[in-house]
Amino acid sequence: MNHPSPCHGRPGPVRLPVSTASQSPPLRVVNGSYGPYCVRYGRTRSVVLYAGVGLTHGRRGPEGGADVSDVLPLPTPVDAAFIRRWIRDAADEIAANRDYLTQLDAAIGDADHGINMDRGFSAVVTDLTAAEGLGPGALLTRAGSTLVNRVGGAAGPLFGSCFRDAGAELGDGSGAGAEDLLRALHAGLAAIQRLGAAIEGDKTIVDAFVPALAGFEKELRNGGALDASASRAAVAAREGARATIPMEARKGRASYLGQRSVGHQDPGATSTALLFGVLARVAGRSA
Amino acid sequence: MSEAASSPERRGTIQSVERAASILKALGRGSARLGVTEISEQLGLAKGTAYGLLRTLEAQGMVEQDADTDKYRLGPAMLQLGNAFLDNHELRGRSLLWADSLASRVGEAVRVGVLNGSTVLVVHHVFRPDNSVQILEVGASIPWHACALGRAMVAYLGEAEVEAMLGAGPFELLTGRTLVDPVELESVLIEVATRGIAVEDQEAIVGEAEIAAPVFDHRGHPVGSIGVVGPVERLHPDGASPSLVTAVKETGRGLSRDMGAGRLAARG
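So, a few notes on the structure that sits alongside this text. (Residues numbered from 1 in each chain as written. Chains lettered and ligands numbered in written order. Predicted model: local features only at pLDDT ≥ 70, side-chain atom pairs only at ≥ 80, totals over all residues. Heavy atoms only, no water.)

Here the focus is the overall build of chain B. Helices and strands together make up the secondary structure of chain B, namely 10 helices and eight strands. Dimensions of chain B, computed from C-alpha atoms along their principal axes, come out at roughly 60 × 45 × 40 Å. The proportion of buried residues among the 268 residues of chain B is 49%. Considering only intrachain contacts with a sequence separation of at least 6, the fraction spanning at least 24 residues in chain B is 56%. Entry remark: accessible area of chain B is about 12,800 Å², with carbon and sulfur atoms responsible for 53%. Distance from the positive charge centre (25 side chains) to the negative charge centre (34 side chains) of chain B: 5 Å. (Helix = DSSP H or I, 4+ residues; strand = E, 2+ residues; numbered from the N terminus. Buried < 20%, exposed > 50% of the residue type's maximum accessible area, 1.4 Å probe, protein only. Contact = heavy atoms within 4.5 Å. Areas by Shrake-Rupley, 256 points an atom, 1.4 Å probe, with all protein chains shown as cover. Lys, Arg positive; Asp, Glu negative; His and termini not counted. Charge placed at Lys NZ, Arg CZ, Asp CG, Glu CD.)

To continue, consider the pattern of salt bridges. All names here are of chain B. All chains considered together, the criterion is met by 30 salt bridges over all chains. A salt bridge links Lys-71 to Glu-38; the shortest N-O distance between them is 3.3 Å. Linking Lys-71 in the loop between β1 (63-65) and β2 (72-74) with Glu-38 in helix α2 (residues 36-43), this pair joins segments that are 33 residues apart in sequence. For Glu-38, a relative accessible area of 29% gives the class partly exposed. Its salt-bridge partner being Arg-73, residue Asp-66 comes within 3.0 Å of it at the nearest N-O pair. Given a relative accessible area of 9%, Asp-66 falls into the buried group. Taking relative accessible area as the criterion, Arg-73 reaches 23% and is therefore assigned partly exposed. (Salt bridge = Lys/Arg side-chain N within 4 Å of Asp/Glu carboxyl O.)

Once that is clear, we can look at the packing of aromatic side chains. In this structure the tally under the stated criterion is five aromatic pairs over all chains. Look at A:Trp86 and A:Phe163: their rings are 5.8 Å apart centre to centre, the planes differ by 20°, and that puts the pair in the stacked class. Residue A:Trp86 is found in helix α2 (residues 80-96), and its partner A:Phe163 is found in helix α6 (residues 155-170); the two are separated by 77 residues along the sequence. Summarising the burial analysis for this pair, A:Trp86 and A:Phe163 share the class buried. Consider the rings of B:Tyr156 and B:Phe216, whose centres lie 5.0 Å apart with planes at 85°: the pair is edge-to-face. Here B:Tyr156 is found in the loop between α6 (148-154) and α7 (159-167), whereas its partner B:Phe216 is found in strand β7 (residues 208-216), with 60 residues between them in sequence. Of the aromatic side chains, those joined through ring pairs into one cluster are A:Trp86, A:Phe121 and A:Phe163. (Phe/Tyr/Trp six-rings, centres within 6.5 Å; stacked < 30°, edge-to-face > 60°.)

We now examine the environment of B:Val114. Residue and element names in this part refer to chain B. With respect to the helices and strands, the residue Val-114 is situated in strand β3 (residues 109-116). C-alpha of Val-114 to C-alpha of Leu-27: the two residues are 87 residues apart in sequence and 24 Å apart in space. Residues in contact with Val-114, not counting those within four places in the same chain, are His-89, Leu-91, Thr-119, Val-120, Leu-121, Val-123, Met-153, Val-223 and Gly-224.

Okay, the side chain of B:Arg151 next. Residues and elements named next belong to chain B. Position of Arg-151 relative to the elements: it lies in helix α6. The class for Arg-151 is buried, based on a relative accessible area of 2%. Leaving out residues up to four positions away in the same chain, Arg-151 has contacts with Trp-144, His-145, Ala-146, Leu-179, Leu-185, Val-188, Leu-189, Val-192, Ala-198, Val-199, Glu-200 and Glu-203.

Here we take up the packing of α6(A) against helix α7 (residues 178-196) of chain A. Each packed pair of helices is defined by two parameters, the angle between the axes and the distance between the axes. Residues and elements named next belong to chain A. Where α6 meets α7, the closest approach of the two axes is 7 Å, and the angle between their N-to-C directions is 145°. In this structure, the crossing between α6 and α7 has a hand that is right-handed. Contacts between α6 and α7 pair Pro-157, Leu-158, Ser-161, Cys-162, Asp-165, Ala-166, Glu-169 and Leu-170 from the former with Asp-180, Leu-181, Arg-183, Ala-184, Ala-187, Gly-188, Leu-189, Ala-191, Ile-192, Arg-194, Leu-195 and Gly-196 from the latter. Of the residues in the contact of α6 with α7, the class split is 12 nonpolar, three polar and five charged. (Axes fitted to C-alpha atoms, helices over the stretch in contact; angles between N-to-C directions. Left-handed = near helix turned anticlockwise from the far one by under 90°. Nonpolar A, V, L, I, M, F, W, Y, C, P; charged D, E, K, R; others polar.)

Between chain B and chain A, the residue contacts involve 24 residues of the former and 21 residues of the latter. A combined buried area of about 1,700 Å² lies between chain B and chain A, and 55% of that area is made up of carbon and sulfur atoms. On the chain B side of the contact with chain A, B:Ile135, B:Ile205 and B:Val206 bury the most area, a combined 33% of that side's loss. Where chain B meets chain A, there are two salt bridges. (Buried area = accessible area lost by both parts, 1.4 Å probe.)

Attention now goes to the pairing of strand β6 (residues 198-201) of chain B. Residues and elements named next belong to chain B. Burial along β6 is one-sided: Ala-198 and Glu-200 are buried, while Val-199 and Asp-201, pointing the other way, are not. Taken together, the four bridges between β6 and β7 define a ladder with antiparallel strand orientation. Paired with Asp-201 across the bridge in β7 is Ala-209. The turn joining β6 and β7, which pair antiparallel and follow one another in sequence, is formed by six residues; a positive phi near 55° is taken by Gln-202. (Pairing = 2+ DSSP bridges.)

So, about the nonpolar core. Across soluble globular proteins, nonpolar side chains show a tendency to be buried alongside one another. Counting residues in hydrophobic clusters, the biggest one holds 58 residues, and the most contacted among them are A:Phe82, A:Ile83, A:Phe121, A:Phe209, A:Phe216 and A:Phe276. When residues of this core are traced back to their parent elements, those giving at least two are α2, α4 (113-130), α5 (136-150), α6, α7, α8 (206-221), α9 (226-242) and α10 (267-286) of chain A. If one sorts the elements of this core by residue count, α10(A) sits on top with nine residues. Counting 32 residues, the second-largest nonpolar core is a separate cluster that includes B:Ala140, B:Ile142, B:Met165 and B:Ile205. (Core = buried A, V, L, I, M, F, W, Y, C linked by side-chain atoms within 4.5 Å.)

This is the structure:
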């Protein structure tokens, strides 16, 4: 994304206090189309408005600028910066939990889940660092393709297709919000279920993903913002992952163990809970 | 969930033995520790009967009672029986060397299976020789339609048997790619019988593929199958890897000859 540089003096993006902003004289947008805005106010002072603060009651001025008379908080946008933060922090979280995930997998699988996920997400971060100018949907789609191509086992195809389809659904238009993210995540879940044919209770990713989206949606319908919705999703995903412990696996290699799969938490559901936990933290920080 | 225990009408069978067997099966699935009341309810037995059977099985080491909870679980004698089954299994015994050499030749995991009703019972499993941690799949039951091991055997059954297998649906969807349409499965079986090799692409587990060949006995009957299983990108990079197909086919033929199959029977 093309970040407009601050116009005068200030070294970087700063938040404009709403009280300051509502004072006259009118603020004037001098560049930027969709956040960050560079706003000039008074005679010499300028400021960059970053995600979380938006301009309302603007009037288009000459050269694409706008005169702005009020500044109000806007909902957190699900933009490229947001998706980048989610993926980068997810990679850190997976790396920190690599041994834990592998340990879970050793009980009911091939003990490679943590290693595969870590390798995949590091590859995603490396690849995305080099890729500039991508919109939020394109970022997710590209991350998904890297996971599919680089991660062995079932995790690569499952999480990769999830990201790919979520990215396609999210798209690269500006102004995506919590509602769009929910729709995208539903598309991601559908990809996982299309590929794996798993339903709730099979002791898979689905057992964390389904309650996470239900929690997200419930909070959103109750008027919650992105941060509250994502936080509710994270709690539900964690509970969903824990609820796989007494389940007998019906899909994947763990199902070969039959009864012996009981008593172990599913690694895929655990990874899913980690991803939703990071989503909640990123949404909370941007709000 | 009452099974044999409540239907003792089968001719020539002994009811108490059937009941004892159904107790063992009940302890072998579901929640593995059961109290007398749970067992008698599950199997539709009087509590006293269930208790007597459990005491008898306990004396034989086939079940044991948890000292803390008084619940019953399978006993150590069952492990000996399970091992004895594997040890005395002719195909398994003869497959050990073949499976080892196939695994080291192709660098992938190898499994040997036999048909048990509509599922493949894995009787031998050689780990992928890369020192990674893997779980032993001996004892796993995989629906025949979703794995190459199963297709390799079913394709060579008699016409009536094949028809019965295809008619025994509905077939379970193990992944989104599992073939479950009997008509499609039939054409897969015809192809297997033509090529002498069965393949499966992510139909049992996402990300995994399998290539298997049938194993015949001296009557030319498919007694089992042997196959390579592993990551789809290595086994089916662009259709089934020709070198793997050759290796699996040769192994199937060699093992069949060891099982007494004539040269004609060890076809494929």
